[in-house]
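Report on the structure
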Amino acid sequence: MTDLDIRPIAGALGAELYGVDLSETLDDAAFAAVRQALHDHLVIFFRDQTFTPEQHLAFARRFGDIETHRYAKGLPSHPEILPVVKEAEDRAANFGGIWHSDVSFHEEPPMGQILYALDIPESGGDTIFVNMYRAYEALSDGMKRLLEGRKAIHTGERSYGPTDSEVTRRLDKFSRSMDVKMKDDAEAEVAHPVVRTHPETGRKSLYISAISIQRLEGMTHAESRPILDHLIAHAQRPEFTCRFRWRKHSVAFWDNRCTQHYALNDYHGQRREMHRVTVAGERPV
Ligand code: SIN
């Protein structure tokens, strides 16, 4: 594709792409250009797209297999599409309103997400993304050496586990706008490298997800916590981020392997509805 117009929205990551209609099947050249833009900018955005659930799924399938959410219920007609909804009267926490890389507690966390905006508040409801390559590269040589070859333990306990101490708050949080089930298997521990190498770009990124990371493998919680707290705070530095202002029919496609994101919950009294399709990933190395 020669007429793809790529407009970066921040210094660290994120670009709006114009000249592509996601309701159409991408030919090989268009697909290659979009995939390259994703590798270059980590999260890519499209404006004024109108597509059906089938077209949403078809676009996602160009990038890999589709994964259905294990804990949150999809659309009755298309279970692979997750409605991410917060109703106007829902004043609780929102889905995704914390720094995270999606379901990092899975053995094979997603490659990416394609999020389509259907109903957007007049103000608020932006999403912030962070470039985890930059977060890794900005660490001192000493910290890079400390993390080299080290794994961290992730669990879904705080997000979807039934025995977490925050369970009442979390059930309350999700029960009003979304159909989320807390399950025991979310508490299983999974070890992933703290520094992962992207399977397509070959670049190293910091792989932590504030909500899921528990401790460094082979170390106690108390020993790990100061290091993890430092890494979590470091990865939120504003200069590593971009912030996307949604409009109805905007689309965001993020590479979940080298970014984290945070859905702002600053629009109480207004409704927000998105449709999310997950592209399956691989075991981080
Ligand atoms: C998510 O974490 O997938 C939700 C992001 C958003 O709603 O902006």
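**A short note on the environment of Ala-233**
With respect to the helices and strands, the residue Ala-233 is situated in helix α7 (residues 221-234). Its relative accessible area of 47% is what places Ala-233 among the partly exposed residues. Through-space distance from the C-alpha of Ala-233 to that of Ala-210 is 9.2 Å; in sequence the pair is 23 residues apart.

**What about the site of the ligand?**
Contacts to the ligand come from Val-84, Gly-96, His-100, Leu-115, Thr-127, Trp-254, His-261, Ala-263, Arg-272 and Arg-276. For the ligand, an oxygen atom lies 2.9 Å from a polar atom in the side chain of His-261. Within the side chain of Arg-272, one N or O atom sits 2.8 Å away from an oxygen atom of the ligand. Expressed as a share of its isolated accessible area of 260 Å², the protein-covered part of the ligand is 100%. Listed by contribution, the elements that provide at least two residues to the shell around the ligand are β15 (259-263) and β16 (272-279). Across the shell around the ligand, the residue classes break down as four nonpolar, four polar and two charged.

**A word on the environment of Glu-54**
Note on placement: Glu-54 falls in helix α2 (residues 53-61). Assessed through its relative accessible area of 46%, Glu-54 is described here as partly exposed. Remark: the alpha-carbon pair of Glu-54 and Arg-203, spanning 149 residues in sequence, is separated by 33 Å.

**Focus on the side chain of Arg-215**
Within the secondary structure, Arg-215 sits in strand β12 (residues 213-216). For Arg-215, the residues in contact, after removing those within four places along its chain, are Ala-152, Ile-153, Glu-189, Thr-220, His-221, Ser-224 and Leu-228.

**A closer look at the sheet that holds strand β8 (residues 151-154)**
The strand order across the open sheet built from three strands is β9-β8-β12, with neighbouring strands paired in antiparallel fashion. At either end of the open sheet lies a strand with only one pairing partner, and these are β9 (190-193) and β12. Each strand axis lies, on average, 35 degrees off the axis of its neighbour in the sheet, ignoring direction.

**Points about the pattern of salt bridges**
Tallied over the full model, the rule gives 20 salt bridges. Where Arg-243 meets Asp-126, a salt bridge forms, and the shortest distance between an N and an O atom there is 2.8 Å. Of the two residues, Arg-243 sits in strand β13 (residues 241-244) while Asp-126 sits in the loop between β6 (112-119) and β7 (127-131), which places them 117 residues apart along the sequence. The exposure class assigned to Arg-243 is partly exposed, which follows from its relative accessible area of 47%. Salt-bridge contacts for Asp-255 lead to Arg-257; the nearest nitrogen and oxygen are separated by 3.0 Å. Among the charged side chains, a network of salt bridges with common partners joins Arg-196, Glu-200, Asp-255, Arg-257 and Glu-282.

**Topic: α2**
Within α2, burial applies to His-56, Leu-57, Phe-59 and Ala-60. Along α2, the residues classed as buried sweep out an arc of 160 degrees about the axis, all on the same side.

**Considering α7**
Over its 14 residues, α7 extends 19 Å from the first C-alpha to the last, a length consistent with the 20 Å expected when each residue adds 1.5 Å. Along α7, the residues that are buried comprise Ser-224, Ile-227, Leu-228, Leu-231, Ile-232 and His-234. In this fold, the buried residues of α7 make contact with α3 (132-137), α4 (141-147), β11 (204-206) and β12.

**Some thoughts on the side chain of His-69**
Topologically, His-69 is positioned in the loop between β4 (66-67) and β5 (81-86). Only 3.1 Å separates the side chain of His-69 from the backbone nitrogen of Tyr-71, close enough to count as a polar contact. At 3.0 Å, the side chain of His-69 and the backbone nitrogen of Ala-72 are in polar contact. Those residues within four positions of His-69 in sequence are excluded, and the remaining contacts are Leu-82, Phe-95, Tyr-160 and Arg-276.

**Focus: the environment of Leu-17**
Its place among the elements puts Leu-17 in strand β2 (residues 15-18). Looking at Leu-17, the relative accessible area reads 1%, which means it is buried. Sequence spacing of Leu-17 and Arg-7 is ten residues, and the spatial spacing of their C-alpha atoms is 6.4 Å. Look past the residues within four positions of Leu-17 in its chain and what remains in contact with it is Leu-4, Asp-5, Ile-6, Val-34, Ala-37, Ile-44, Phe-45 and Phe-46.

**Details of the packing of aromatic side chains**
Per the counting criterion, the structure on display carries twelve aromatic pairs. Seen in terms of ring centroids, Phe-46 and Phe-59 are 6.2 Å apart; in terms of plane orientation they differ by 85 degrees. Their pairing is edge-to-face. Of this pair, Phe-46 sits in strand β3 (residues 43-46) while Phe-59 sits in helix α2, placing them 13 residues apart in sequence. Across the pair, exposure class does not vary: Phe-46 and Phe-59 are buried alike. Aromatic pair Tyr-71 and Phe-105: ring centres 6.4 Å apart, planes at 45 degrees, arrangement tilted. Taken together, the positions of Tyr-71 in the loop between β4 and β5 and Phe-105 in the loop between β5 and β6 put the pair 34 residues apart, joining distant regions of the chain. Each member of the aromatic cluster is reached from another via a ring pair, and the members are Phe-31, Phe-46, Phe-59, Phe-63 and Phe-253. Residue placement shows Arg-7 over the ring face of Tyr-18; its charged tip is 4.0 Å from the ring centre.

What counts as what
Residues numbered from 1 in each chain as written. Predicted model: local features only at pLDDT ≥ 70, side-chain atom pairs only at ≥ 80, totals over all residues. Heavy atoms only, no water. Helix = DSSP H or I, 4+ residues; strand = E, 2+ residues; numbered from the N terminus. Buried < 20%, exposed > 50% of the residue type's maximum accessible area, 1.4 Å probe, protein only. Near = heavy atom within 4 Å. Polar contact = N/O pair within 3.5 Å; in protein donor to acceptor, adjacent residues only side chain to side chain. Areas by Shrake-Rupley, 256 points an atom, 1.4 Å probe, with all protein chains shown as cover. Nonpolar A, V, L, I, M, F, W, Y, C, P; charged D, E, K, R; others polar. Contact = heavy atoms within 4.5 Å. Pairing = 2+ DSSP bridges. Axes fitted to C-alpha atoms, helices over the stretch in contact; angles between N-to-C directions. Salt bridge = Lys/Arg side-chain N within 4 Å of Asp/Glu carboxyl O. Arc of directions from axis to C-beta. Expected span 1.5 Å × (residues − 1). Phe/Tyr/Trp six-rings, centres within 6.5 Å; stacked < 30°, edge-to-face > 60°. Lys NZ or Arg CZ within 6 Å of the ring centre and 35° of its normal.

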